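What follows is the residue order along each chain.
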Amino acid sequence: MTEKEARQFVNLDQFDSIEEAVEELVFPIKSFLLTSPILKKTFFSKLKKLALISQACEAIKGLSTKNNEKREPIFIPHKEILSTFIAYEQAISKHYLTLSSTNEPHELMISCEQLLHTHATYVSFWNECQLTTPSGMLLSKPLDRMVFYSELKNLHVKNIRTIAEIIKNEGELSNDFKIEVERIRQSMN
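Residues numbered from 1 in each chain as written. Predicted model: local features only at pLDDT ≥ 70, side-chain atom pairs only at ≥ 80, totals over all residues. Heavy atoms only, no water.

1. A few points about helix α3 (residues 40–61)
Helical geometry note: an α-helix holds 3.6 residues per turn, so side chains three or four residues apart project in the same direction.
At step 1: Given a rise of 1.5 Å per residue, 22 residues ought to cover 32 Å, and the 31 Å separating the end C-alpha atoms of α3 matches this to within 8%.
At step 2: If you check which residues of α3 are buried, you get Phe 43, Leu 47, Leu 50, Ile 53, Ser 54, Ala 56, Cys 57, Glu 58, Ala 59 and Ile 60.
At step 3: Packed against the buried residues of α3 are α1 (3–9), α2 (18–35) and α5 (105–126).
At step 4: Positive backbone phi, at 75°, marks Gly 62, one or two positions downstream of α3. (Helix = DSSP H or I, 4+ residues; strand = E, 2+ residues; numbered from the N terminus. Expected span 1.5 Å × (residues − 1). Buried < 20%, exposed > 50% of the residue type's maximum accessible area, 1.4 Å probe, protein only. Contact = heavy atoms within 4.5 Å.)

2. Some words on the confidence of the model for the chain
At step 1: In the predicted model, the chain carries a mean pLDDT of 85, and the fraction of residues at 70 or more is 89%.
At step 2: Mean pLDDT per element in the chain: helix α8 (residues 175–186) is the minimum at 85, and helix α7 (residues 163–168) is the maximum at 93. (pLDDT = per-residue confidence, 0-100.)

3. Here we look at the packing of aromatic side chains
At step 1: Summed over all chains, the structure comprises eleven aromatic pairs.
At step 2: When the ring of Phe 75 is compared with that of Tyr 122, the centres are 6.1 Å apart and the planes differ by 70°; the resulting orientation is edge-to-face. With Phe 75 in the loop between α3 and α4 (81–100) and Tyr 122 in helix α5, this residue pair connects regions lying 47 residues apart in the sequence. An identical accessibility class is assigned to Phe 75 and Tyr 122; each is buried.
At step 3: Considering the side-chain rings of Phe 148 and Phe 177, the 5.2 Å spacing of their centres and the 15° angle between planes classify their relative orientation as stacked. Of this pair, Phe 148 sits in helix α6 (residues 145–157) while Phe 177 sits in helix α8, and the two are 29 residues apart along the sequence. Taken as a pair, Phe 148 and Phe 177 share a single burial class, namely buried.
At step 4: An aromatic cluster is present here, built from Phe 75, Phe 85, Tyr 88, Tyr 122, Phe 125, Trp 126, Phe 148, Tyr 149 and Phe 177 joined pairwise through their rings. (Phe/Tyr/Trp six-rings, centres within 6.5 Å; stacked < 30°, edge-to-face > 60°.)

4. What to know about the nonpolar core
At step 1: The biggest cluster of nonpolar side chains holds 51 residues, and the ones touching the most others in it are Trp 126, Phe 148, Ile 166 and Phe 177.
At step 2: Listing elements by their share of this core, those giving two or more residues are α2, α3, α4, α5, α6, α7 and α8.
At step 3: Excluding its chain neighbours within four sequence positions, the residues that come into contact with Trp 126 are Ile 81, Phe 148, Leu 152, Ile 163, Ile 166, Phe 177, Val 181, Ile 184 and Arg 185. (Core = buried A, V, L, I, M, F, W, Y, C linked by side-chain atoms within 4.5 Å.)

5. Observations regarding the side chain of Ser 187
At step 1: Examined against the element boundaries, Ser 187 turns out to sit in the segment after α8.
At step 2: Residue Ser 187 is classed as buried on the basis of its relative accessible area of 4%.
At step 3: Leave out the neighbours within four places in its chain, and Ser 187 touches Ile 38, Leu 39, Lys 40, His 119 and Val 123.

Have a look at this one:
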């Protein structure tokens, strides 16, 4: 991307600085990332947009923000479903904090990629849990984390603590729980 194309892309003529122009482009993306359910297709479209904004910044500022910084994973699934859920919630909270604290497109891209990686790891934990679900569920509806946590806690009390035990005791599961598990499983398709 040339500097002229970059200036047009960020609409720099209408702003006092490149930072203001970038903030105008980044704000709706950040809002989406912080409020929408994690769905692979929609998050990848936001990553593409952030990559273009990052390229435009590089062209205008004349410096590269490329940084192949790899951070250690902050989420590793456990054998038990309740502790896995708690670890996942803690990990994505850290990702959301990072997303909310920057307006730099490249940093947002890295944070978004890490959030997607964490979520994909969580989804892979649930992938073997194929339960019978009622038809007509909405995948785009945000996950009700507190209800899901309560369900997991109740299962923990009943000594249903692993995916294998969930599958074995499917008859004891509520339809809401089954729908939430399927929503999780489908979010990375």
